[in-house]
Amino acid sequence: MNKLILVVVAVLLLGGCSDDWGWYVVDPTTKQGITNLKFLASGLYYTVLLSVTAIVISVITGLLVALPGLSSNRYLRGFNRVYVEVVRAVPILVMILWVYYGLPQLLGLSMTVFWAGVIALALSDSAFEAEIFRAGIQSIDKGQYEASHTIALNYVDTMRFIILPQAIRRILPALGNQLVYMLKMSSLVSVIGMQELTRKANELVVTEYRPLEIYTVLLLEYLVLILIVSAGVRKLERKLKTNQRES
Amino acid sequence: MQAAEQKVIKVKQISKFFGDFQALNNVSIEVGLGERVVVCGPSGSGKSTLIRCINQLEVHDGGVIEIDGTTLDGSRNSLRAIHANVGMVFQQFNLFPHLSVLDNLTLGPVRSGKVTQSEARDLAMNYLERVRIPEQAEKFPAQLSGGQQQRVAIARSLCMEPKIMLFDEPTSALDPEMINEVLDVMVELAESGMTMVCVTHEMGFARRVADTMVFMDYGQIVEKSDTDKFFRNPESDRCQEFLQQILPH
Ligand SMILES: Nc1ncnc2c1ncn2[C@@H]1O[C@H](COP(=O)(O)OP(=O)(O)O)[C@@H](O)[C@H]1O
Ligand SMILES: [Mg+2]
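Residues numbered from 1 in each chain as written. Chains lettered and ligands numbered in written order. Predicted model: local features only at pLDDT ≥ 70, side-chain atom pairs only at ≥ 80, totals over all residues. Heavy atoms only, no water.

> An account of the overall build of chain A is requested, with residue identities and associated values reported.
Helix and strand counts for chain A come out as 10 helices and 0 strands. For chain A, the succession of helices and strands along the chain, N to C, is α-α-α-α-α-α-α-α-α-α. By residue count, 45% of the 247 residues in chain A fall in the buried class. Long-range contacts, defined as pairs at least 24 residues apart, comprise 72% of the intrachain contacts of chain A with a sequence gap of at least 6. When the accessible surface of chain A is split by element, carbon and sulfur atoms take 67% of a total near 13300 Å². Distance between charge centres in chain A, computed from 22 positive and 17 negative side chains, equals 8 Å. (Helix = DSSP H or I, 4+ residues; strand = E, 2+ residues; numbered from the N terminus. Buried < 20%, exposed > 50% of the residue type's maximum accessible area, 1.4 Å probe, protein only. Contact = heavy atoms within 4.5 Å. Areas by Shrake-Rupley, 256 points an atom, 1.4 Å probe, with all protein chains shown as cover. Lys, Arg positive; Asp, Glu negative; His and termini not counted. Charge placed at Lys NZ, Arg CZ, Asp CG, Glu CD.)

> If you had to explain the sheet that holds strand 5 (residues 70-71) of chain B to someone new, which residues and values would you point to?
All names here are of chain B. Ordered in space as 2-1-4-5, the 4 strands form an open sheet in which the pairing is antiparallel. The sheet is open, and its two borders are formed by strand 2 (21-32) and strand 5, each paired with just one other strand. Pairing analysis gives 5 bridges linking strand 1 (residues 7-18) to strand 4 (residues 62-67), with the strands arranged antiparallel. Within strand 4, the position partnered with I9 by the bridge is I67. Sheet contacts for helix 1 (residues 47-54): strand 1, strand 2 and strand 4; angle to strand 1, the most-contacted strand, approximately 120°. (Pairing = 2+ DSSP bridges. Axes fitted to C-alpha atoms, helices over the stretch in contact; angles between N-to-C directions.)

> Give me the lowdown on the site of ligand 1, citing residues and values where you can.
All names here are of chain B. Taken together, F18, F21, A23, P42, S43, G44, S45, G46, K47, S48 and T49 make up the full set of residues near ligand 1. S45 places a main-chain nitrogen or oxygen 3.2 Å from an oxygen atom of ligand 1. Side-chain polar atom of S48 to an oxygen atom of ligand 1: 2.6 Å apart, as the coordinates give it. The fraction of the free accessible surface of ligand 1 (560 Å²) that becomes covered by protein chains is 60%. Looking at the shell around ligand 1, the elements with two or more residues in it are strand 2 and helix 1. Broken down by element, the residue count for the shell around ligand 1 peaks at 3 residues, all from helix 1. A breakdown of the residues in the shell around ligand 1 according to their chemical character gives 4 nonpolar, 6 polar and 1 charged. (Near = heavy atom within 4 Å. Polar contact = N/O pair within 3.5 Å; in protein donor to acceptor, adjacent residues only side chain to side chain. Nonpolar A, V, L, I, M, F, W, Y, C, P; charged D, E, K, R; others polar.)

> Explain helix 2 (residues 76-85) of chain B to me, and be specific about the residues and the numbers.
S78, A81, I82, H83 and N85 of chain B are the residues of helix 2 of chain B that are buried. In this structure, the buried side of helix 2 of chain B is in contact with helix 7 (142-150) of chain A together with strand 4, strand 5, strand 6 (86-89) and strand 7 (164-168) of chain B.

> Lay out the side chain of N104 of chain B in plain terms, naming residues and giving numbers.
All names here are of chain B. Its place among the elements puts N104 in helix 3 (residues 101-111). On the basis of relative accessibility, which here comes to 0%, the residue N104 falls in the buried class. Once you skip the residues sitting within four places of it in the chain, N104 turns out to touch L95, F96, L99, P141 and R156.

> How would you sum up the sheet that holds strand 6 of chain B? Please name residues and give values.
Residues and elements named next belong to chain B. An order of 6-7-8-3-9-10 is seen for the 6 strands of this open sheet, with the pairing classed as mixed. A strand with exactly one partner marks an edge of an open sheet, and here the two such strands are strand 6 and strand 10 (220-226). Averaged over neighbouring strand pairs, the angle between their axes works out to 15° when direction is ignored. As paired strands, strand 3 (residues 36-40) and strand 8 (residues 195-199) are joined by 4 bridges and run parallel to one another. What sits directly across from V37, in strand 8, is V197.

> Tell me what's going on with the interface of chain B and chain A, and back it up with residues and numbers.
Facing the 24 residues of chain B at the interface are 24 residues of chain A. Summing both partners gives a buried area of about 2100 Å² for chain B against chain A, and 61% of it is carried by carbon and sulfur. For the interface between chain B and chain A, the tally reads 2 salt bridges. Close ionic contact of D157 of chain A with R111 of chain B constitutes a salt bridge, the shortest N to O distance being 2.9 Å. Applying the counting criterion to the chain B and chain A interface returns 8 residue pairs in polar contact (both at pLDDT 80 or more). Per-class residue counts for the side of chain B that touches chain A are 14 nonpolar, 7 polar and 3 charged. (Buried area = accessible area lost by both parts, 1.4 Å probe. Salt bridge = Lys/Arg side-chain N within 4 Å of Asp/Glu carboxyl O.)

> With reference to specific residues and values, describe helix 3 of chain B.
Across the 11 residues that make up helix 3 of chain B, a large majority, 8, are buried. Taken together, the buried positions of helix 3 of chain B are occupied by V101, L102, N104, L105, T106, L107, G108 and P109 of chain B. Where helix 3 of chain B is buried, its residues contact helix 8 (155-185) of chain A together with helix 4 (117-130) and helix 5 (146-158) of chain B.

> Could you give an account of the packing of helix 7 of chain A against helix 8 of chain A, with specific residues and numbers?
Residue and element names in this part refer to chain A. Helix 8 packs onto helix 7 with a crossing angle of 160° between their chain directions and a minimal axis gap of 11 Å. Classified by the angle between their axes, helix 7 and helix 8 sit roughly antiparallel to one another. Between helix 7 and helix 8 lies a crossing whose hand is right-handed. Counted together, Q144, Y145 and S148 of helix 7 and T158, M159, I162, I163 and Q166 of helix 8 form the full contact between these two elements. Looking at the contact of helix 7 with helix 8 residue by residue, the classes come out as 4 nonpolar, 4 polar and no charged. (Parallel < 35°, antiparallel > 145°, perpendicular 65-115°, else oblique. Left-handed = near helix turned anticlockwise from the far one by under 90°.)

> Could you give me a rundown of the packing of aromatic side chains, with the residues and numbers involved?
Tallied over the entire structure, the rule returns 7 aromatic pairs over all chains. Ring geometry for Y100 of chain A versus Y101 of chain A: centroids 4.8 Å apart, planes at 70°, classification edge-to-face. Using a relative accessible area of 22% as the deciding quantity, one classes Y100 of chain A as partly exposed. Ring geometry for F230 of chain B versus F231 of chain B: centroids 5.4 Å apart, planes at 85°, classification edge-to-face. Overall, the relative accessible area of 14% leaves F231 of chain B in the buried class. Here the aromatic cluster, defined as three or more aromatic residues joined through ring pairs, consists of Y45, Y46, F114 and W115 of chain A. Taking the ring centre of F96 of chain B as reference, the NZ or CZ of R156 of chain B above it sits at 4.6 Å. Sitting over the ring of F231 of chain B, R207 of chain B keeps its end group 4.4 Å from the ring centre. (Phe/Tyr/Trp six-rings, centres within 6.5 Å; stacked < 30°, edge-to-face > 60°. Lys NZ or Arg CZ within 6 Å of the ring centre and 35° of its normal.)

> A description of the pattern of salt bridges should follow, citing residues and the corresponding values.
For the structure shown, the criterion picks out 18 salt bridges over all chains. For R52 of chain B, the salt bridge goes to E58 of chain B, with nearest N and O atoms at 3.1 Å. Taking the relative accessible area as the measure of exposure, R52 of chain B reaches 11% and is therefore buried. With relative accessibility at 17%, the residue E58 of chain B sits in the buried group. Within this structure, R81, E85, R88, E131 and R134 of chain A form a network of salt bridges that share partners.

All we've got here are geometric facts, nothing functional implied.
Written out as structure tokens, the structure is:
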């Protein structure tokens, strides 16, 4: 949080001593300023909803793609490789455009901006989640599988009760990273008209024509959001660590 | 002796390859119900591979293994025979670090649908008493000493109520002062009539509980005889040499 305060102070100081700044657009002491600030903040809802929905889908998809990658069957491993390589190679913006404009034509259905955004972000991210899960699961000692075998656990139970709980503890920092990444990448969905933080800022810039101030507020919005999320992830990590008491 | 007539483990001429390397070469052994077999031999001789084939942690390449009359062929049925009959204790314990001792013990019985959660708890406490650490039930593995961890691992296997227990150098990873507490538990288990196949170099333990001694070298069983005879006059030179090396002079 200290970092954040520093940045805010620095920006305000800069603003105070330069003639180019026009803080009136977002001045909380004027009625118009408050209206504008509220307008900018109103994008928060979709930024969070979009990112959280996308990360949930992406984590589940990532896990489902990671598991065949660990199989002894080479066709299953091949599926994992092709999925990861292909999906990882598509730029996120291109994925968003393709899912929103292309996919509905292909499937013959219409898609809301929200779901196009969720699918595109989740799809893009799932390749990275798959690699994270694969590394996490591979880091678990093979003795854990062998012990599971000797107490008659089947594959699903072994994964569910033994391997994944340990793997997830290890990859939690990486998963937290992906969530932060997702929050930032959700700004790209503004290009298809999603009413999230960045879109709101763009719209306000068009009417107020004060890009410097408005985008500065936008930047701070992301900064606050992400610092809060990071703190939450770190707290969760600590909690899991003390629960496990693993040496 | 009549109990030993019923062979619960039949290993017939099995071989096992890792790539080009042959870890087991035409190995045969039968173990009767209630029989205690101790397997020894130099490092790399195939002892672990043999007992890992018996519960199919390794799949043998040639020959036949039967557990309690069921041929191990990778089928569901043969997997069931292993799960129902064979427990195993590892050198490295392999406890589940994220679960409490109690959860380590109850997970198998509960998930295999044999018992309810509360029955499993009673079962687990019962076996923790037998390995003499009921007071550690709520702890996590990392909070226990090596000897305690290995006893938990033994109890975890026993909770599945197997007919046969396999031990792969259960005391080799332990500090010397903890070896006896684990061996004591194993002696008691032997006295209770459990069928046991133990890979170990604890010859005092072997003399005390083994009915049959097996000496392996280069992926083969070089010598297999009654315990008395094995220690009094081993037939092969290699076995004699090995015993001289590991027995106190
Ligand atoms: N998974 C494996 N891959 C390759 N070689 C192996 C594997 N497991 C065992 N071996 C080899 O097989 C031989 C016998 O191993 P093992 O049965 O563990 O011996 P022991 O338990 O008697 O020390 C050793 O030479 C070992 O290197
Ligand atoms: Mg070994």
